[in-house]
Amino acid sequence: MTYLTKKYDEAFINKNSVRTNYKKLINWFKNQDNDELTKKNSDAMKFFQNTGVSFKVYSNDNKENLIPFDIIPRIINYKEWDKIVRGITQRVLAINFFLNDIYGQQEIIKHGVIPVDLIQNNPAFLKQMIGFIPPQKTYNHISGIDLIKTNSDNFYVLEDNVRVPSGASYMIENRDTMIKLFPELFSRYKVFENRNYAKNLSEILKKSSPKKTNRNPNIVLLTPGIYNAAFFEHAFLADKLGIELVEGKDLRVINKYLNMRTIEGWKRVDVIYRRIDDSFLDPLSFKEDSFLGVPGLMEVYRNKYVTIANAPGTGISDDKSIYSYIPDIIKFYLGQKPILKNVKTFKCRVKDELNYVLDNLNKLVVKEVHGSGGYGMLVGPLASKTEIAKFKNKIIKNPYNYIAQPTLSLSTCPIYTKKGLTSRHVDLRCFALLAKEKVSVTSGGLTRVALKKDSLVVNSSQGGGTKDTWILSS
Amino acid sequence: MLGSTADSLFWMFRYIERVENTLCMIESGFQLYLLSSNNLYNEWDAILKTNSIRHHFLKKNNSLESLNIINFMFKDPKNLNNILLLIEKARENARRSRVSITSEVWEAINTCWLYLNEELNKKINESKIQTIIKNTREKIALIFGFLERSMLKNEILNFCYLGTFIERFDNTARILNTRYYLLLDEKKFRFEGYDNFQLEMILRSISSYRSFMWKNQNEIKANKVSYFLISDKDMPKSLMFCINETIKNLKSVHKKNFTKNNSFLNAISIQKKIKQKNTNFNNYSFLNSLFKLNMTLASNIEEEFNFQ
């Protein structure tokens, strides 16, 4: 099968010529027996199935699905990676300053950098957090920054996920699988370790403990339960961190403190690594009918007897309408030029931009401001006329709810098929951890790949797969 | 440890043990079916009663047809103790307590679940029944093997074993309860149609026929079978063995002050009762009271350790 490189391909310049990063890999690949590779490919899926690595996609049959895994790694060299690390570090710090400010003095609004209505009318802005300084002044302990590449020079930031970003467990499992399947590749390439993610996460959670608890902090991971799509990851991380995996029903506020129910009675909790959304955290403060959270949790939090990571209200900074202001936010708080570029974004709330969007829907990708997981979006060039017309009405009805971006030509990477390598679009989710104004970015990340030909949607909830991602150490 | 984790561990192993016990019963019934035995219907009747599913089965079926019963026990949703549902619940609890068990134990449970789903979700072919039972029992043995070899010897393991032995006690007590009339003292009362064959079937339904014969010089007698199932401390399915293991694990999990806990006191009283009855078992109410005491013991454990 001939390898087609229509867009920017990270491995091949054209079908005969391989880029430096991939030369050793492609040579190795050419010498492999295809039947053997096919077998290893299915071994990989079996390995995931037996270990129970799954991602539940909400559907009628209620089945657990495996996220397809591709055995061809994605390779990024040190120079490219170094720029990414600097760019993400800058972004994560700026976002934390922004959050402290927006729930504090709101200097950024006073200086006219961000329009006030963007905050005021935003459901992700939690009034309960106004005037509150979280422990260690940290909001976004854990961030998942999505990057895309369009040509040889640039990675762009597509999204900053700072609510409850997931995917780190797949990053680690993918590496484990690759080492099991192809140990010989790791002697050919020097690849940075990514399994220190859990250790680093454990450290930042310990550091985030409120000052009032002067002891070895008791950290728990709060999950919505086994029916949640990302439950596998919750259990995986709790296991790696050596902490209890709890549900709301295991926790209770007693005498101003948060406690968990153990076989020997109640035990105090100091840090919650939460994997449930803000609105479910505390039925007394948010959604009254939430069974996932803990009544009275917010009061304990406001008294600084417990740390919640990420802090409630963090979502205001990864909202897709705030996204377009991130370069300004970096300039405002750090006085620096953004290292990583944003994707051009049209804000439908601004009249001129709305008109442009409505006139050019067939060329644009339109997203809901609070949407995620690839739901509720329109990919103009691939949509039918009726779909476009329908979406147009939705935008006109509520322009505040939408932003639009040009259809980017995402880079492609080779994936393995029985007939040989073929190119597919990819993005990259990077994981950054923040404690005491220090950011650590885990080397690698989760490459998500659109398995359908020409598709640009890489989300696992939409049939995307993943790849191991290698950062070369030299 | 979280109370809810103890809950999940306890129930995970109750369900796994229940799968194993149910498989043994299906196997003993299926053997009779293959031999076209005259006792086939009595045997199925007893098996359905033991599992408290006779009523549910007869709602759907007019007769005790072997393959229908086997299908019912394997996967009929009307049967809340069907194998497919039991393994589903076992795995669900394993998922809940994923952080507490080793990846070896988890993978053993997960592969057992994958296997049963694959085999039972299609039409169950008569020729495959024995293979399915054999393979599943092997997979369950793997779970217990990894439990023993890969887990720390701490309270996590105690709750796994508490679930196992409470459930096994329940199962043996149910079998005795359903068929107590076979175990009556022969001199006092002889049940019509009583013969050694039925005693043999009791032993087969807990797959302990060979070990009984080995211990008793190939001679089957009612009082010896009773002793074997109730009082023999060496027999891994006997009531005595189960209660001894339960006591051992309760001591270890309570550490200090175990003598003050209801669960411990209750377990000791069960042990005493069995010891006192060593020679004479001809009493339905005796068996029934043991069965009920074991249920109380289970709820004592759930209360004392803050299960949900």
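Note that the structure is predicted; figures quoted are calculated from it, not measured.

A.B. asks: Would you explain the overall build of chain B in this entry?
C.D. replies: Regarding its fold elements, chain B presents 14 helices and zero strands. Listed N to C, the secondary structure of chain B is α-α-α-α-α-α-α-α-α-α-α-α-α-α in terms of helices and strands. Its C-alpha atoms give chain B a radius of gyration of 19 Å, near enough to 19 Å, the size a compact globule of 308 residues would have. Judged by the C-alpha coordinates and their principal axes, chain B covers about 55 × 50 × 35 Å. Within chain B, contacts between residues at least 6 apart in sequence are counted, and of these 70% link residues at least 24 apart.

A.B. asks: It is not clear to me how unusual backbone geometry should be interpreted in this structure. Could you clarify?
C.D. replies: The phi torsion of most residues other than glycine is negative, and most of the peptide bonds are trans. All names here are of chain A. Of the consecutive residues Ala309 and Asn310, the connecting peptide bond is found in the cis state with omega at -10 degrees. You can see Asn310 is positioned in the loop between strand 14 (307-309) and helix 11 (320-323). The backbone of Lys137 sits at a positive phi, close to 50 degrees, despite the residue not being glycine. Summarising the element assignment, Lys137 is placed in the loop between helix 5 (116-120) and strand 6 (142-149). Of note, the phi angle at Lys304 is positive, near 60 degrees, even though the residue is not glycine. By the element assignment, Lys304 lies in the loop between helix 10 (297-302) and strand 14.

A.B. asks: So what exactly am I meant to see when it comes to the pairing of strand 22 (residues 438-441) of chain A here?
C.D. replies: Successive side chains on a regular strand alternate, one facing one side of the sheet and the next facing the other. All names here are of chain A. Judged by which residues are buried, strand 22 turns out to be one-sided: Val439 and Val441 face inward and are buried, whereas Lys438 and Ser440, on the alternate face, are not. Bridging between strand 21 (residues 420-435) and strand 22 involves four bridges; their strand directions are antiparallel. Directly across from Leu434, in strand 22, lies its bridge partner Val439. Taking the residues that link successive antiparallel strands as the turn, the strand 21-strand 22 hairpin has two residues, and the phi of Lys436 there is positive, at about 45 degrees.

A.B. asks: What is the right way to read the environment of Phe258(B) from this model?
C.D. replies: Within the secondary structure, Phe258(B) sits in the loop between helix 12 (239-254) and helix 13 (262-276). If we ignore the near neighbours within four places in the chain, the residues touching Phe258(B) are Leu250(B), Lys251(B) and Phe264(B).

A.B. asks: Explanation requested: the interface of chain B and chain A in the structure shown.
C.D. replies: Accessible area lost during the coming together of the parts is what is often quoted as the interface size. On the side of chain A, 17 residues touch chain B, which itself brings 19 residues to the contact. Those elements giving two or more residues to the side of chain B that touches chain A turn out to be helix 1 (3-34), helix 5 (83-96) and helix 6 (103-120) of chain B. A per-element tally of the side of chain B that touches chain A places helix 6 of chain B first, with six residues. Looking at side-chain class alone, the side of chain B that touches chain A contains seven nonpolar, seven polar and five charged residues.

A.B. asks: I keep staring at the environment of Cys348(A) and nothing clicks. Help me out?
C.D. replies: Residue and element names in this part refer to chain A. Along the chain, Cys348 falls in the loop between strand 16 (346-347) and helix 13 (351-359). Among the residues examined, Cys348 registers 23 C-beta atoms within 10 Å and is labelled buried. Sequence spacing of Cys348 and Ile395 is 47 residues, and the spatial spacing of their C-alpha atoms is 7.8 Å. Residue contacts for Cys348: discarding those within four places in its chain leaves Glu353, Leu354, Val357, Ile395, Pro399, Tyr402, Ile403 and Ala404.

A.B. asks: Help me understand helix 2 (residues 34-51) of chain A, please; the structure alone is not making it clear to me.
C.D. replies: Since the α-helix packs 3.6 residues into each turn, any two residues three or four apart lie on the same face. Under the 1.5 Å per step criterion, the end-to-end length of helix 2 of chain A is 26 Å for 18 residues, consistent within 8% with the ideal 26 Å. Where helix 2 of chain A ends, the next residue or the one after it, Gly52(A), has phi of about 80 degrees, a positive value.

A.B. asks: Is there a simple way to think about the domain arrangement of chain A in this case?
C.D. replies: All names here are of chain A. Per the domain assignment, the segments of chain A are domain 1 (12-210 + 306-338 + 409-471) and domain 2 (344-406). Centre-to-centre, using C-alpha coordinates, domain 1 lies 25 Å away from domain 2. Contacts between domain 1 and domain 2 engage 11 residues on the former and 10 residues on the latter. Residue composition of the side of domain 1 that touches domain 2, grouped by class: four nonpolar, five polar and two charged.

A.B. asks: What's the story with the domain arrangement of chain B in this structure? I'm lost.
C.D. replies: Residues and elements named next belong to chain B. When the domains of chain B are assigned, the result is domain 1 (1-150) and domain 2 (153-308). The C-alpha centroid of domain 2 is placed 21 Å from the C-alpha centroid of domain 1. The partner domain 2 presents 26 residues to the 26 residues of domain 1 that form the contact. Mapped onto the side of domain 1 that touches domain 2, the elements with two or more residues apiece are helix 1 and helix 2 (40-50). By residue number, the principal contributor to the side of domain 1 that touches domain 2 is helix 1, which donates 17 residues. Broken down by class, the residue content of the side of domain 1 that touches domain 2 amounts to 12 nonpolar, eight polar and six charged.

What counts, and where the lines are drawn
- Residues numbered from 1 in each chain as written.
- Chains lettered and ligands numbered in written order.
- Predicted model: local features only at pLDDT ≥ 70, side-chain atom pairs only at ≥ 80, totals over all residues.
- Helix = DSSP H or I, 4+ residues; strand = E, 2+ residues; numbered from the N terminus.
- Rg over C-alpha atoms; globule rule 2.2 N^0.38 Å.
- Contact = placed C-beta atoms within 7 Å.
- Buried ≥ 20, exposed ≤ 12 C-beta atoms within 10 Å, placed from the backbone.
- Pairing = 2+ DSSP bridges.
- Nonpolar A, V, L, I, M, F, W, Y, C, P; charged D, E, K, R; others polar.
- Expected span 1.5 Å × (residues − 1).
- Domains from an automatic or database assignment.

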